Amino acid sequence: MAEQILIVEDEADLAQTIAFNLEKEGFRPLVVGTGTAALERIRGPKPPDLVVLDLMLPDISGTEVCRQLRQDSGTRRTPVLMLTAKTDPIDRVVGFEVGADDYVTKPFSVRELVLRIRAILRRTEGTSAPEPESLRFGILRLDFEGHRVWVEDEEVVLTALEFRLLKTLVQRRGRVQTREVLLNHVWEMSGDVTTRTVDTHVRRLRKKLGPASSYIETLRGVGYRFQSEPGITDAS
Ligand code: CA
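Presented here is a report on the structure given in the accompanying data block. Values in this document were obtained by computation on a predicted structure and should not be read as measured data.

### Focus: the overall build of the protein
Next up, step 1: Secondary structure assignment for the protein yields eight helices and 12 strands.
Next up, step 2: The buried share among the 236 residues of the protein stands at 45%.

Rendered as structure tokens:
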């Protein structure tokens with residue numbers, strides 16, 4: 001059955017354009033115009049598979065909607081793609097504070113939106129599936145079972161923490177990981193350790209990966225992203 005996408009956007013023209021295109025792509029779109037209506041729908045008996053959430057809504061903001069979803073165990077895993085304006089602080093949106101899965105900056109192409117939606121759905125489908133034992137990206141090979149990494153068939157010795165950091169980036173590949181998210185996920189803490197710790201460890205990891213270090217992309221002021229094909233930056 002086609003995935004249901006809830007579109008939360010008060011600009012009716014834009015909402016209809018998105019809905020029209022999503023339907024054409026085989027999704028089941030549903031439009032609401034307020035944050036309250038969105039929360040009601042998502043907490044209802046048949047929650048959507050993904051939420052396209054605008055930041056600027058007439059009642060409560062998109063960030064507040066997202067924050068509330070993340071606080072509730074029933075809706076914590078609902079994928080959220082945020083629609084942001086150029087001036088919005090992206091690190092807050094995708095970061096620990098709000099916790100959106102990804103974002104698209106207005107004005108965006110419908111094609112980009114659809115690509116992002118498909119990418120998120122692929123990832124969230126995969127969360128219940130067993131993790132593959134090994135993965136290869138060009139010259140980089142990872143063995144999750146054995147905690148081993150090779151670059152150009154030469155084994156790279158990583159510390160447990162470095163492996164965890166790399167594994168987290170790889171598992172969330174294509175998606176921006178803020179320093180706060182990495183701290184929370186890799187170090188299992190937030191606040192106590194400064195975000196500079198993340199930078200230090202990413203630097204060390206990159207040094208060890210040598211020619212494969214380009215897989216880890218820096219998003220200045222935001223965080224890091226693992227790219228399955230380094231050098232090819234998707235539109236963002
Ligand atoms: Ca709006």
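Back to the write-up after that little detour.
### Some remarks on the environment of Glu229
Next up, step 1: Along the polypeptide, Glu229 turns up in the segment after β12 (223-226).
Next up, step 2: Along the backbone, Glu229 and Gly138 are 91 residues apart, and their C-alpha atoms lie at a distance of 8.0 Å.

### Focus: unusual backbone geometry
Next up, step 1: The omega torsion of the bond from Lys106 to Pro107 falls at -5°, within 30 degrees of zero and hence cis.
Next up, step 2: Looking at the element boundaries, Pro107 is found in the loop between β5 (102-105) and α5 (110-126).
Next up, step 3: For His147, which is not glycine, the phi dihedral falls at a positive 55°.
Next up, step 4: Mapped onto the elements, His147 comes out in the loop between β7 (140-143) and β8 (148-151).
Next up, step 5: Even without being glycine, Glu152 reaches a positive phi, approximately 50°.

### Focus: the coordination of the calcium ion
Next up, step 1: The protein atoms that coordinate the calcium ion are Glu9 (OE), Asp10 (OD), Asp54 (OD) and Met56 (O), at distances spanning 2.1 to 2.6 Å.
Next up, step 2: Within one chain, the residues donating to the calcium ion are spaced in sequence as E-D-x43-D-x1-M. Pair noted here: Glu9 is in the loop between β1 (4-8) and α1 (12-24) and Asp54 is in strand β3 (residues 50-54), with a separation of 45 residues, a long-range link. For the pair formed by Glu9 and Asp54, the shared burial category is buried.

### Remarks on the packing of helix α2 (residues 35-42) against helix α3 (residues 62-71)
Next up, step 1: Relative to each other, α2 and α3 sit at 25°, their axes nearing to 10 Å. The orientation of α2 with respect to α3, classified from their angle, is roughly parallel. Like other packed secondary-structure pairs, α2 and α3 cross with a definite hand, here right-handed. Contacts from Gly35, Leu39 and Ile42 in α2 reach Val65, Gln68 and Leu69 in α3.

### Quick look at helix α8 (residues 196-209)
Next up, step 1: Across its 14 residues, α8 extends 20 Å between first and last C-alpha, which sits within 8% of the 20 Å expected from 1.5 Å per residue.
Next up, step 2: Close packing links the buried residues of α8 with β7, β8, α6 (160-171), α7 (179-186), β11 (216-219) and β12.
Next up, step 3: Gly210 sits one or two positions beyond α8 and adopts a positive phi of about 50°.

### Observations regarding the nonpolar core
Next up, step 1: Leu140, Leu166, Leu209, Ile216 and Phe226 are the most contacted members of the largest nonpolar core, which has 27 residues in total.
Next up, step 2: Counting only elements with at least two residues in this core, the list comes to β6 (134-137), β7, β8, α6, α7, α8 and β12.
Next up, step 3: Of the residues forming this core, the biggest block, five residues, is contributed by α6.
Next up, step 4: When near neighbours in sequence (up to four residues on either side) are disregarded, Phe226 contacts Phe137, Leu140, Leu166, Leu169, Val170, Arg173, Gly174, Tyr215 and Ile216.
Next up, step 5: By size, the runner-up hydrophobic cluster in this structure holds 23 residues, among which are Val32, Ala38, Val65 and Val222.

### Looking at the packing of α6 against α8
Next up, step 1: Orientation of α6 relative to α8, taken along the N-to-C sense of each, is 90°, at an axis distance of 10 Å. For the element pair α6 / α8, the angle class is roughly perpendicular. Contact with α6, carried on its side by Leu161, Glu162, Leu165 and Leu166, involves His201, Val202, Arg204, Leu205, Lys208 and Leu209 of α8 and no other residues of that element.
Next up, step 2: Along the lines of polarity and charge, the residues of the contact of α6 with α8 split into six nonpolar, one polar and three charged.

### Thoughts on the sheet that holds strand β9 (residues 154-156)
Next up, step 1: Strand order across the open sheet formed by four strands is β6-β7-β8-β9, with antiparallel pairing between neighbours. Of all strands in the sheet, those with a lone pairing partner are β6 and β9, marking the two edges. Here the average twist between neighbouring strands, direction ignored, is 25°.
Next up, step 2: Alignment of β7 against β8, held across four bridges, turns out to be antiparallel. Bridge assignment links Leu140 to a residue of β8, and that residue is Val151.

### Thoughts on the pattern of salt bridges
Next up, step 1: Counted according to the given criterion, the structure contains 14 salt bridges.
Next up, step 2: A salt bridge links Glu112 to Arg116; the nearest nitrogen and oxygen atoms lie 3.7 Å apart. You can see Glu112 and its partner Arg116 sitting in helix α5, four residues apart, about one turn around the helix.
Next up, step 3: Judged by its relative accessible area of 16%, Glu112 is buried.
Next up, step 4: Note on Arg116: relative accessible area 6%, which makes it buried.
Next up, step 5: Several salt bridges converge on common partners, so that one network encompasses Glu9, Glu11, Asp54 and Lys106.

Parameters at a glance
- Residues numbered from 1 in each chain as written.
- Predicted model: local features only at pLDDT ≥ 70, side-chain atom pairs only at ≥ 80, totals over all residues.
- Heavy atoms only, no water.
- Helix = DSSP H or I, 4+ residues; strand = E, 2+ residues; numbered from the N terminus.
- Buried < 20%, exposed > 50% of the residue type's maximum accessible area, 1.4 Å probe, protein only.
- Donors = N, O, S within 2.8 Å, 3.2 Å for Na, K, Ca; no water.
- Axes fitted to C-alpha atoms, helices over the stretch in contact; angles between N-to-C directions.
- Parallel < 35°, antiparallel > 145°, perpendicular 65-115°, else oblique.
- Left-handed = near helix turned anticlockwise from the far one by under 90°.
- Contact = heavy atoms within 4.5 Å.
- Expected span 1.5 Å × (residues − 1).
- Core = buried A, V, L, I, M, F, W, Y, C linked by side-chain atoms within 4.5 Å.
- Nonpolar A, V, L, I, M, F, W, Y, C, P; charged D, E, K, R; others polar.
- Pairing = 2+ DSSP bridges.
- Salt bridge = Lys/Arg side-chain N within 4 Å of Asp/Glu carboxyl O.

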